[in-house]
Amino acid sequence: MTNKRISRSLIVMVFGTFFGILCSTLMNVGLPQLMTAFHVSEAQVQWVTNGYMLVNALMIPVSAYLIKRFLFRHLYILATAIFLAGTLLGALCNQFILVIIARMIQAIGAGMMMPLVNVLAIRYAKPAKKGAIMGIIGLAFNFSPIIGPTVSGIILDYLSWRYLFIIIVPFIVITLVASIIILPRIPHNESPHFDSRGFVLVSIGLWCILMGLSNISTAHFLSWQVGGLLLIGLIFSLIFVKSQLGHTDPLINLQVFSHAQFVTATLVNMLIVATMYGNTILLPLLVQTIQHQSALVSGLVILPGALLTGTLSRLSGRLYDRISVRRLVAIGLTIDCAGTLLQALIGTNSSPIVLALFQAVRQLGLVTMLIPLQTHALGLLPYEIVPDGVATFNTIRQVAASFGTAIIIAVVALVNRSFPGNGHLGIEAGFLVCLFLLILAILTAHKLQSQFNPKSKTA
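Residues numbered from 1 in each chain as written. Predicted model: local features only at pLDDT ≥ 70, side-chain atom pairs only at ≥ 80, totals over all residues. Heavy atoms only, no water.

**A word on the overall build of the chain**
Phase 1: Secondary structure assignment for the chain yields 17 helices and zero strands.
Phase 2: Scaling as 2.2 N^0.38, a compact globule of 459 residues should have a C-alpha radius of gyration of about 23 Å, and the chain matches this with 21 Å.
Phase 3: Principal-axis analysis of the C-alpha atoms places the extent of the chain at approximately 60 × 50 × 45 Å.
Phase 4: Every one of the 459 residues in the chain was classed for burial, and the buried ones make up 59%.
Phase 5: The long-range fraction of contacts in the chain, counting pairs at least 24 apart against all pairs at least 6 apart in sequence, stands at 83%.
Phase 6: In the chain, which carries 26 positive and 10 negative side-chain charges, the distance between the mean positions of the two groups comes to 10 Å. (Helix = DSSP H or I, 4+ residues; strand = E, 2+ residues; numbered from the N terminus. Rg over C-alpha atoms; globule rule 2.2 N^0.38 Å. Buried < 20%, exposed > 50% of the residue type's maximum accessible area, 1.4 Å probe, protein only. Contact = heavy atoms within 4.5 Å. Lys, Arg positive; Asp, Glu negative; His and termini not counted. Charge placed at Lys NZ, Arg CZ, Asp CG, Glu CD.)

**Here we look at the nonpolar core**
Phase 1: With 140 residues, the main nonpolar core has Val48, Ile272 and Val329 as its most contacted residues.
Phase 2: If we skip the residues at most four places from it in the chain, Val48 touches Met27, Leu31, Leu34, Phe96, Val99, Ile100 and Arg103. (Core = buried A, V, L, I, M, F, W, Y, C linked by side-chain atoms within 4.5 Å.)

**As for the packing of helix α5 (residues 72–92) against helix α9 (residues 169–182)**
Phase 1: In contact at an axis separation of 10 Å, α5 and α9 are set at 160° when each is read in the N-to-C sense. It follows that α5 is roughly antiparallel to α9 by the angle criterion. At the point where α5 passes α9, the crossing takes the left-handed sense. For the pair α5 and α9, contact is made by Arg73, Tyr76, Ile77, Thr80, Ala81, Phe83, Leu84, Thr87 and Leu88 and by Val169, Ile172, Val173, Thr175, Leu176, Ser179 and Ile180, respectively.
Phase 2: Partitioning the contact of α5 with α9 into residue classes produces eleven nonpolar, four polar and one charged. (Axes fitted to C-alpha atoms, helices over the stretch in contact; angles between N-to-C directions. Parallel < 35°, antiparallel > 145°, perpendicular 65-115°, else oblique. Left-handed = near helix turned anticlockwise from the far one by under 90°. Nonpolar A, V, L, I, M, F, W, Y, C, P; charged D, E, K, R; others polar.)

**What about the environment of Thr395?**
Phase 1: Relative to the helices and strands, Thr395 is located in helix α16 (residues 386–418).
Phase 2: Owing to a relative accessible area of 7%, Thr395 belongs among the buried residues under this scheme.
Phase 3: Sequence separation between Thr395 and Leu58 is 337 residues; the distance between their C-alpha atoms is 7.1 Å.

**Quick word on the packing of helix α15 (residues 352–379) against α16**
Phase 1: Close contact between α15 and α16 brings their axes to 9 Å; oriented N to C, the two are set at 145°. Crossing of α15 over α16 shows right-handed handedness. Taken together, the residues of α16 that come into contact with α15 (itself represented by Gln374, Ala377 and Leu378) are Gly389, Val390, Phe393 and Asn394.
Phase 2: Here the residues of the contact of α15 with α16 are counted per class, giving four nonpolar, three polar and no charged.

**Notes on the packing of aromatic side chains**
Phase 1: Applying the stated criterion across every chain, the model contains nine aromatic pairs.
Phase 2: Ring centres of Phe38 and Phe96 lie 5.9 Å apart, and the angle between their planes is 50°; this geometry places the pair in the tilted category. Highlighted residues: Phe38 in helix α2 (residues 31–38) and Phe96 in helix α6 (residues 96–124), separated in sequence by 58 residues.
Phase 3: The exposure class assigned to Phe38 is buried, which follows from its relative accessible area of 18%.
Phase 4: Look at Phe257 and Phe262: their rings are 6.0 Å apart centre to centre, the planes differ by 70°, and that puts the pair in the edge-to-face class. (Phe/Tyr/Trp six-rings, centres within 6.5 Å; stacked < 30°, edge-to-face > 60°.)

**Some points on the environment of Leu120**
Phase 1: Locating Leu120 in the fold gives a position in helix α6.
Phase 2: Classification of Leu120 as buried rests on a relative accessible area of 0%.
Phase 3: Residues Leu120 and Leu10 lie 110 residues apart in sequence; the distance between their C-alpha atoms is 7.8 Å.

**Here we look at the side chain of Thr340**
Phase 1: Relative to the assigned elements, Thr340 resides in helix α14 (residues 325–345).
Phase 2: Judged by relative accessible area, Thr340 falls into the buried class, the value being 0%.
Phase 3: A distance of 3.0 Å separates a polar atom in the side chain of Thr340 from a polar atom in the side chain of Arg362.
Phase 4: Once residues within four sequence positions are removed from consideration, Thr340 is found in contact with Arg362, Phe431, Cys434, Leu435 and Leu438. (Polar contact = N/O pair within 3.5 Å; in protein donor to acceptor, adjacent residues only side chain to side chain.)

**Comments concerning a nonpolar patch on the surface**
Phase 1: Residues Ile154, Tyr158, Leu159, Tyr163, Ile166 and Leu300 make up a contiguous nonpolar surface patch of about 560 Å² in total accessible area.
Phase 2: With respect to the helices, strands and loops of the structure, Ile154 is situated in helix α7 (residues 130–156).
Phase 3: For Ile154, a relative accessible area of 38% gives the class partly exposed. (Patch = residues over 30% accessible without salt bridge, like charges linked within 9 Å, V, L, I, M, F, W, Y side chains within 5 Å. Areas by Shrake-Rupley, 256 points an atom, 1.4 Å probe, with all protein chains shown as cover. Salt bridge = Lys/Arg side-chain N within 4 Å of Asp/Glu carboxyl O.)

**Remarks on the environment of Ala79**
Phase 1: Within the fold, Ala79 resides in helix α5.
Phase 2: Considering only alpha carbons, one finds Ala79 and Ile108, 29 residues apart in sequence, at a separation of 7.4 Å.
Phase 3: When near neighbours in sequence (up to four residues on either side) are disregarded, Ala79 contacts Gly109, Met112 and Met113.

**Some words on the confidence of the model for the chain**
Phase 1: Summarising the model, the chain shows a mean pLDDT of 83, and 91% of its residues fall at 70 or more.
Phase 2: A low-confidence stretch, residues 452–459 stays under pLDDT 50, and its non-local contacts, those more than four residues away or across chains, total 13 contacts. (pLDDT = per-residue confidence, 0-100.)

**Considerations on the state of the cysteines**
Phase 1: Taken as a whole and assessed by the stated rule, the structure comprises zero disulfides.
Phase 2: Not part of a disulfide, Cys93 finds its nearest cysteine sulfur in Cys23, a span of 13 Å.
Phase 3: According to the relative accessible area criterion, Cys93 is buried, its value standing at 3%. (Disulfide = S-S within 2.5 Å.)

**Comments concerning unusual backbone geometry**
Trans is the prevailing form of peptide bonds, just as negative phi is the prevailing case for residues other than glycine.
Phase 1: Look at His292: it is not a glycine, yet its phi comes out positive at around 55°.
Phase 2: Here His292 lies in the loop between α12 (260–290) and α13 (295–320).

Right under this line is the structure:
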């Protein structure tokens, strides 16, 4: 394909994927409205978010098979159509269970979109331009989940929760039409076998672990709701890993983990993403439940950092082409830790303006390293396993987002239960958990190689 054709295709796909990932956090601020509208509990309403994240994570490894089996163009059009169907159902439904189903249908489409964008960029972009192109993709992958609470805060201050679905519809229709007109036919000659057994195993494993983590705040750790589910999830996950090792067409090609730099970059990204998504819930909780501000104010607190992310995403991709990933990540983590520490020690007793400033500091650190980490992890893999690397990287990203959020919110709830009447302590504890995860990321990032040595491609 020509560079012009790649650029046009990426514009269309990044545009659509932006809204797919936006929906991962768009409903966070709207959960209280859903509880009131459908008379459901906090535990029930969380499935609007958890269900989305879980299905989204499960669809990503499936995409590795789909990319090998079907035409690239047909897959993205199908993913966009599925996402549109889920969005329309959410806008029209009048029962809470249908809201959850609508969100899961959305997640199926979004989970297919994300890997397709990465594969196109990594496979067909010129090596010298990969960093810059991945910076563009960063607008969809890193800016959209951060801006989600701001968008929903503005909408919910004037309109009902239904408009969190309605507002997305015209943009997805545009994406669908543009995809049909612009996306190229990329030939392939693979006919892989789908690992249905592996899919069932990993689905049960991830679902049980996520449910167990979500129940930490309401049940004892040794209870069936927490310890039992975590144990079952771990067992099924281990069986899944064992099954993949001996499979000729695995759901997730574990060969990608034989590449040391892929493993290191993925682990660092996992820890960072857990704190990023955790923050999108911590800040609305602080602003709305502790400071008793409106949903609009809650969204505006996140806005400056989100705008910073969108503005600098392309720049961070270009920096990867000029500065070593190890240095970029070190700078980003230092800034991120400083912002998180300020949030924990000062932010919970500060005005929304101060909170917005601290969040902007955090986002400055995040945007410095997220795109370079992704490019570093995927750009060094052999051509033939790039789809597997994309699927694995993004699956771990989404799992880290859901599990990290569950752990952070569980800590908040546990502290609040231990110290009733002082909600600030729970939020402070949540920020400190984020700081702890970032310190782990710093320790892990020391293994990143400044200059990639082909001889050390494998661990």
